[in-house]
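# Coordinate analysis (summary)
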Amino acid sequence: MSHTDPPVDSPVETPVDDAAPLLVARGLHKAFGDNQVLRGIDLEVYRGQVVALIGPSGSGKTTLLRSLDALEIPDSGTLAFDGGPAIDFALPVRQSTRAALRDRSAMVFQHHNLFPHRTVLENVIEGPVQVRRVPRAQAVARAEELLARVGLAEKRDAYPHELSGGQQQRVGIVRALALSPDLLLFDEPTSALDPELVGEVLSVMKELADEGWTMVVVTHELAFARAVADEVLFLDGGVVVERGAPAQLFTEPAEERTQRFLHRILHPLD
Amino acid sequence: MDWDLIAESFWPIVLGGLRGTLPLAGTSFVIGLAIALGIALMRISGNRLLSGIGRAYISVVRGTPLLVQLFVVFYGLPSIGVVVDPWPSAVVAFSLNVGGYAAEVIRAAILSVPKGQWEAGWTVGMSRSRTLRRIILPQAARVSVPPLSNTFISLVKDTSLASLILVTELFREAQKIAAFSSEFMLLYLEAALVYWLFCTVLATGQDVLEKRLDRYVAH
């Protein structure tokens, strides 16, 4: 296309500012009863970026992730996608707002949460066909393509209980991909797996990162975070203690709490 | 043993079961399940008023005898000007009764489905009601088949109470022949046998249904 001679009556394209974040969260607070789980968290995620959330259990990382998909509703703070109007959690959150958030993102759960009464294929096309109104044949073709990519093409008619844990989680990832979300959310996707099955799931996730999917990953797999993430956030006590590029955060953490956490994980016997 | 009487009475009693007992039980069970689902959802809902209404309904149904409920509908309602025929009276009373008992079964079955299944439904974009219909209820159905089969089999036998409000069904047929022939022991044992046969067939149906729904369950 020529830059000098644009057609006069072509529709004006919405200017896409590549530098603007896909998602901006500001000051997220959340309490369960007396337990303050999030105490003012800011988060930006840019398109194509992989953000890893690490931290001890109870640090708020899973609650933060679940807030992005409206599985938890923060008590206060704001959340905006693509520079659009911010959702203010201090106000009542409508069902339509939750639906809009879920339209943006897709979640991969720790315990996969596949639908046990549906075959692998049915699990994958449920969202596209039932919610997004994609024609069934088209949804099936897309599902088969995605299943083939994670090496599960021949399992399309199996029920989830007939699969190994690693296969189940790969179907969970495909179910999320089939929604073509802007944002993929992973909630400790490998921590319920037998150790020898972790690799097959992480390698799929690495491929997705390489393909440019935008991902937020809660994980205990520090080697994965280090190799794949563009930014790592260390959470403790409901706040972001430290954030930075993995090379910096893992080798020269600035905060003492980060140092202690990394030391405990990397040298559990000390 | 009066074999002739057995031979003569067996078919009318079975026919009373096929034309009276089973349709009455089947109709009441289907309507009762619909009531039960509504009551169960009211109980589960966060709304205190709805939940309270559901709780009160179950309490009344379980806390009063079925025979009394039946008599209130058939003999009681006419005194406030509502006259209902025997058959619809029986359907109303039995449906309301099943609704109360099955509501607790369905509620427990829905609650037995892990919360992660709701969340998975929501994250693929489904609304609460669609998630309930497509994800939760099919799994709850599997869990509730054995206890609901119990409810149904009890109902089949309880419909014998309808003979007291003049509904023509299995037991009333037996009663009529017994009164006519004065062979009470024989006729009532025969009625018992036919009930037992019906229930045995239904229990077999339960097994088939359970196996069908078992496809996706890990063994």
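First things first, this report covers the structure right here in the doc.

Attention now goes to the overall build of chain B. Within chain B, the regular secondary structure consists of eight helices and zero strands. Principal-axis analysis of the C-alpha atoms gives chain B an extent of 70 × 50 × 20 Å. Going through the 219 residues of chain B one by one, you find that 44% of them count as buried. Considering only contacts within chain B whose residues lie at least 6 apart along the sequence, 74% involve residues at least 24 apart. For chain B, the distance from the average position of its 18 positive side-chain charges to the average position of its 14 negative side-chain charges is 21 Å.

We now examine the interface of chain B and chain A. Facing 19 residues of chain B, the contacting portion of chain A comprises 22 residues. Overall, the association of chain B and chain A removes approximately 2,000 Å² of surface from exposure, summing both partners, and the carbon and sulfur fraction of that is 57%. The interface formed by chain B and chain A includes two salt bridges. In this structure, the salt-bridge partner of A:Glu126 is B:Arg134, at a minimum N-O distance of 2.5 Å. Across the contact surface, chain B and chain A share seven residue pairs in polar contact (both at pLDDT 80 or more). Of all the secondary structure elements, the ones that give two or more residues to the side of chain B that touches chain A are α5 (115-123) and α6 (128-158) of chain B. A class-by-class count of the residues in the side of chain B that touches chain A yields nine nonpolar, six polar and four charged.

Let's shift gears to helix α6 (residues 195-210) of chain A. All names here are of chain A. With 16 residues, α6 should reach 22 Å at 1.5 Å per residue; the first-to-last C-alpha distance of 24 Å fits that figure. Taken residue by residue, α6 has Leu197, Val198, Val201, Leu202, Val204, Met205, Leu208 and Ala209 as its buried positions. Down the axis, α6 shows its buried residues gathered within 155° of arc, on one side only. For α6, exposure combined with an orientation more than 90 degrees from the buried face picks out Glu196 and Asp210. Where α6 is buried, its residues contact β3 (50-54), α4 (136-149), α5 (165-177), β7 (183-187), β8 (215-218) and α7 (222-228). One or two residues past the end of α6 sits glycine 212, with phi positive at roughly 100°.

Moving on, we get to the packing of α5(A) against α6(A). Residue and element names in this part refer to chain A. Contact pair α5 / α6: the axes reach a minimum separation of 8 Å and the direction vectors enclose 20°. Accordingly, the angle class assigned to the pair α5 and α6 is roughly parallel. Read as a crossing pair, α5 and α6 show a hand that is right-handed. Contacts from Gly165, Gly166, Gln167, Gln169, Arg170, Ile173 and Leu177 of α5 reach α6 at Leu197, Glu200, Val201, Val204, Met205 and Leu208. Partitioned by chemical class, the residues of the contact of α5 with α6 number seven nonpolar, four polar and two charged.

Reading the values: rules and limits
- Residues numbered from 1 in each chain as written.
- Chains lettered and ligands numbered in written order.
- Predicted model: local features only at pLDDT ≥ 70, side-chain atom pairs only at ≥ 80, totals over all residues.
- Heavy atoms only, no water.
- Helix = DSSP H or I, 4+ residues; strand = E, 2+ residues; numbered from the N terminus.
- Buried < 20%, exposed > 50% of the residue type's maximum accessible area, 1.4 Å probe, protein only.
- Contact = heavy atoms within 4.5 Å.
- Lys, Arg positive; Asp, Glu negative; His and termini not counted.
- Charge placed at Lys NZ, Arg CZ, Asp CG, Glu CD.
- Buried area = accessible area lost by both parts, 1.4 Å probe.
- Salt bridge = Lys/Arg side-chain N within 4 Å of Asp/Glu carboxyl O.
- Polar contact = N/O pair within 3.5 Å; in protein donor to acceptor, adjacent residues only side chain to side chain.
- Nonpolar A, V, L, I, M, F, W, Y, C, P; charged D, E, K, R; others polar.
- Expected span 1.5 Å × (residues − 1).
- Arc of directions from axis to C-beta.
- Axes fitted to C-alpha atoms, helices over the stretch in contact; angles between N-to-C directions.
- Parallel < 35°, antiparallel > 145°, perpendicular 65-115°, else oblique.
- Left-handed = near helix turned anticlockwise from the far one by under 90°.

Shape is all these values report; function is a separate question.
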